[in-house]
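Chain residues, written in single-letter form:
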Amino acid sequence: MRVDAQLNRDKIIQAARLIFVHEGPDAPLEKIARRAGVGIATLYRRFPSREDLVMAVATDTLRSLHTAVRSAAEEQPDAFGALRVFMHAALDLKVGAIMPSLLDRIDVEDIIERSGDALVHVSELLQAAQAADEVRADVLPGDVIFMVVRLTRPLPGRAVAEDAALAHRQLEIYLDGLRSPGASPRHGGLPGPAIGSAWFRRIRARMAGAASSAARKATRAA
């Protein structure tokens, strides 16, 4: 594939991933093309059908997840640091928001067989961190995976512009909770945003407004 063709393909997959987070795999393809900065004809040349695009997004996401955990294990000097880097990378991939919406359209086991299983390496990192007394002995791989899934789901109504940054902050709090009593303490404070009571009340009001607007639109459509 030519360099420009590969670049367009990558941009379309990235745009589809972001739009699928909020609108699901039935989102308009024209919207995805606009987000990617390409024409709809270019999208169809790369992905002749919606099913082709869905499969590409799922495959790229799981392959990137596998690459992220392997790279973290190879590049970080300690297992806990590698686990931390991987979990932040998984947040950026929005795995927990993307994959559940695609499960009825793809064969996950087939994709994992071709792309690699990140869970294997996550389990190895966790065991290594526990052996080094960096992570509590009662933590299991599911505790790591499902926390990533929960944190990658966007807050309702797109009411928080800092949603992604907030997820990374909350992941740091969770990571502190994984540490064993003998592990080294955190250096420095938590990253932002630090949402206090007043800020949260404003967010709550925006969420309520968005929910009311959606309900009114549904009523009019009915």
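How each quantity is defined
- Residues numbered from 1 in each chain as written.
- Predicted model: local features only at pLDDT ≥ 70, side-chain atom pairs only at ≥ 80, totals over all residues.
- Heavy atoms only, no water.
- Axes fitted to C-alpha atoms, helices over the stretch in contact; angles between N-to-C directions.
- Helix = DSSP H or I, 4+ residues; strand = E, 2+ residues; numbered from the N terminus.
- Parallel < 35°, antiparallel > 145°, perpendicular 65-115°, else oblique.
- Left-handed = near helix turned anticlockwise from the far one by under 90°.
- Contact = heavy atoms within 4.5 Å.
- Nonpolar A, V, L, I, M, F, W, Y, C, P; charged D, E, K, R; others polar.
- Expected span 1.5 Å × (residues − 1).
- Buried < 20%, exposed > 50% of the residue type's maximum accessible area, 1.4 Å probe, protein only.
- Salt bridge = Lys/Arg side-chain N within 4 Å of Asp/Glu carboxyl O.
- Arc of directions from axis to C-beta.
- Polar contact = N/O pair within 3.5 Å; in protein donor to acceptor, adjacent residues only side chain to side chain.
- Core = buried A, V, L, I, M, F, W, Y, C linked by side-chain atoms within 4.5 Å.

### Focus: the packing of helix H4 (residues 50-75) against helix H6 (residues 95-102)
Now for step 1: Running from N to C, H4 and H6 point in directions that differ by 140°, and their axes come no closer than 10 Å. On the basis of the axis angle, H4 is oblique to H6. Crossing angle aside, the handedness with which H4 passes H6 is left-handed. Across the interface between the two elements, Val54, Val57, Ala58, Thr61, Leu62 and Leu65 from H4 touch Val95, Ile98, Met99 and Leu102 from H6.
Now for step 2: For the contact of H4 with H6, the residue count by class is 9 nonpolar, 1 polar and no charged.

### Re helix H10 (residues 163-178)
Now for step 1: If you check H10, its first and last C-alpha atoms are 23 Å apart, about what 16 residues at 1.5 Å a residue would give, namely 22 Å.
Now for step 2: Within H10 the residues assigned to the buried category are Asp163, Leu166, Ala167, His168, Arg169, Leu171, Glu172, Tyr174, Leu175 and Leu178.

### Considerations on the environment of Arg150
Now for step 1: If you trace the backbone, Arg150 turns up in helix H9 (residues 141-152).
Now for step 2: The sequence separation of Arg150 and Lys94 amounts to 56 residues, and the corresponding C-alpha distance is 9.9 Å.

### Structural notes on the pattern of salt bridges
Now for step 1: With the rule as written, the count across this model stands at 7 salt bridges.
Now for step 2: One salt bridge in this structure joins Asp110 and Arg114, with 3.1 Å as the shortest N-O distance. Placement of the pair is Asp110 and Arg114 together in helix H7 (residues 108-115), with a separation of 4 residues, close to one helical turn.
Now for step 3: In this structure Arg114 comes out as partly exposed when scored by relative accessible area, which is 47%.
Now for step 4: Asp176 is paired through a salt bridge with Arg179; the nearest N and O atoms lie 3.6 Å apart.
Now for step 5: Residue class for Arg179 comes out partly exposed when judged on its relative accessible area of 25%.

### Section: helix H8 (residues 118-131)
Now for step 1: Along its 14 residues, H8 runs 20 Å from first to last C-alpha, staying within 8% of the 20 Å computed at 1.5 Å per residue.
Now for step 2: Taken together, the buried positions of H8 are Ala118, Val122, Ser123, Leu125, Leu126 and Ala129. Summarising the axial view, the buried residues of H8 lie within an arc of 165°, below the 170-degree limit, and thus occupy one face. Those residues of H8 that are exposed and aimed more than 90 degrees away from the buried face are Gln127 and Ala131.

### Re the side chain of Thr152
Now for step 1: With respect to the helices and strands, Thr152 occurs in helix H9.
Now for step 2: In terms of polar contacts, Thr152 uses its side chain to reach the backbone amide nitrogen of Gly96, at 2.8 Å.
Now for step 3: A distance of 3.0 Å separates a polar atom in the side chain of Thr152 from the backbone oxygen of Val148.
Now for step 4: Excluding anything up to four places from it in sequence, Thr152 contacts Ala90, Leu91, Lys94, Val95, Gly96 and Ala97.

### A look at the nonpolar core
For soluble globular proteins, the rule of thumb is that nonpolar side chains tend to be buried together.
Now for step 1: Core analysis: the biggest nonpolar cluster contains 57 residues, and Phe20, Ile32, Leu53, Phe86 and Met87 have the highest contact counts within it.
Now for step 2: Top contributing element to this core by residue count: H4, with 10 residues.
Now for step 3: Excluding anything up to four places from it in sequence, Met87 contacts Val144, Val148, Leu171, Tyr174 and Leu175.

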